Amino acid sequence: MGWTDERVELLKKLWQDGLSASQIAKQLGGVTRNAVIGKVHRLGLSGRAAPSKPARTVFKAPRPARPVTAAPSAPRRIAEPVLTQAAPSPVRLADEPPGMATVLTLGAHMCKWPIGDPALESFTFCGRRSGEGPYCHEHSQVAYQPPAAKKKSSAAELARSLRRYI
């Protein structure tokens, strides 16, 4: 459908009334939003009475404030890891209590196991001497679990698994 003089006049009126290009295209019928935008540009219709606005703005409800908990007087203790194998008990040195290192005092060979809630000021790191990795022996036992031993396949299981390929 082409642009007749009547349709161009209606376009000018609707544009000055502040309707969006989509709304004008819908009222005119047979043209797309992009066709309306192109015609407005070619006609040089830049000024509008009022910019088009969405029917209603949607506001999100504010999030509830986080409850403030009292800072514990002592750092939290980590539960002893449950070991399935008989492992040597970790050596605890009296001069290395856990939970004494902060981000600023944490060194290269110190345990980087976090203790407490990072949002609280009492948050610390273990800080004990670490071995080869980032954690001390005790926290390495928690962080790195040994791989489960593979069960040996019996002849019947091997035959059953090979049947799908035969």
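Worth saying up front: this structure is predicted, and the values here are computed from it rather than measured.

Caption draft 1: Structural detail: the environment of isoleucine 37. Position of isoleucine 37 among the secondary structure elements: in helix α3 (residues 33–43). On the basis of relative accessible area, isoleucine 37 is assigned to the partly exposed category, the value being 37%.

Caption draft 2: Focus on the pattern of salt bridges. Inspection of the entire model under this criterion finds three salt bridges. Across the pair arginine 128 and glutamate 138 runs a salt bridge whose closest N-O atoms are separated by 3.7 Å. With arginine 128 in the loop between β2 (124–125) and α4 (137–143) and glutamate 138 in helix α4, this pair connects stretches of sequence that are 10 residues apart. We note that arginine 128, like glutamate 138, is buried.

Caption draft 3: Spotlight on the packing of helix α2 (residues 21–28) against α3. Their axes nearest at 8 Å, the elements α2 and α3 cross at an angle of 105°. On the basis of their axis angle, the class for α2 and α3 is roughly perpendicular. Taking contact as the criterion, the partners of Ala21, Ser22, Ile24 and Ala25 in α2 are, on α3, Arg33, Val36 and Ile37. A per-class count over the contact of α2 with α3 returns five nonpolar, one polar and one charged.

Caption draft 4: Quick peek at the nonpolar core. Counting residues in each nonpolar core, the largest one holds 12 residues, listed as Leu11, Leu14, Trp15, Leu19, Ala21, Ile24, Ala25, Leu28, Val31, Val36, Val40 and Leu45. Mapped by element, the contributors of at least two residues to this core are α1 (5–16), α2 and α3. A total of four residues in this core trace back to one element, the largest contributor, which is α2. Apart from residues no more than four positions distant in its own chain, leucine 28 is found in contact with Trp3, Arg7, Leu10 and Leu11. Counting five residues, the second-largest nonpolar core is a separate cluster that includes Cys111, Trp113, Ile115 and Cys136.

Caption draft 5: Structural detail: the packing of α1 against α3. Contact geometry for α1 and α3: axes closest at 11 Å, N-to-C directions at 90°. Considering their axes alone, α1 and α3 lie roughly perpendicular with respect to each other. Contacts between α1 and α3 involve Val8, Leu11, Lys12 and Trp15 on the former and, on the latter, Val36, Lys39, Val40 and Leu43. In the contact of α1 with α3, the residues fall into six nonpolar, no polar and two charged.

Caption draft 6: Representation of the packing of aromatic side chains. By the definition in use, this model includes three aromatic pairs. Centroid distance tryptophan 113 to tyrosine 135: 5.3 Å. Interplanar angle 75°. Geometry classified as edge-to-face. In this pair, tryptophan 113 sits in the loop between α3 and β1 (114–115) while tyrosine 135 sits in the loop between β2 and α4, placing the two residues 22 residues apart along the sequence. Note on tryptophan 113: relative accessible area 17%, which makes it buried. Judged by centre distance (6.1 Å) and plane angle (45°), the ring pair of tyrosine 135 and tyrosine 144 falls under tilted. Ring-pair connections join several aromatic residues into one group, and the members of that group are Trp113, Tyr135 and Tyr144. Over the ring of tryptophan 3 we find arginine 7, and its NZ or CZ is 5.8 Å from the ring centre.

Conventions adopted
- Residues numbered from 1 in each chain as written.
- Predicted model: local features only at pLDDT ≥ 70, side-chain atom pairs only at ≥ 80, totals over all residues.
- Heavy atoms only, no water.
- Helix = DSSP H or I, 4+ residues; strand = E, 2+ residues; numbered from the N terminus.
- Buried < 20%, exposed > 50% of the residue type's maximum accessible area, 1.4 Å probe, protein only.
- Salt bridge = Lys/Arg side-chain N within 4 Å of Asp/Glu carboxyl O.
- Axes fitted to C-alpha atoms, helices over the stretch in contact; angles between N-to-C directions.
- Parallel < 35°, antiparallel > 145°, perpendicular 65-115°, else oblique.
- Contact = heavy atoms within 4.5 Å.
- Nonpolar A, V, L, I, M, F, W, Y, C, P; charged D, E, K, R; others polar.
- Core = buried A, V, L, I, M, F, W, Y, C linked by side-chain atoms within 4.5 Å.
- Phe/Tyr/Trp six-rings, centres within 6.5 Å; stacked < 30°, edge-to-face > 60°.
- Lys NZ or Arg CZ within 6 Å of the ring centre and 35° of its normal.

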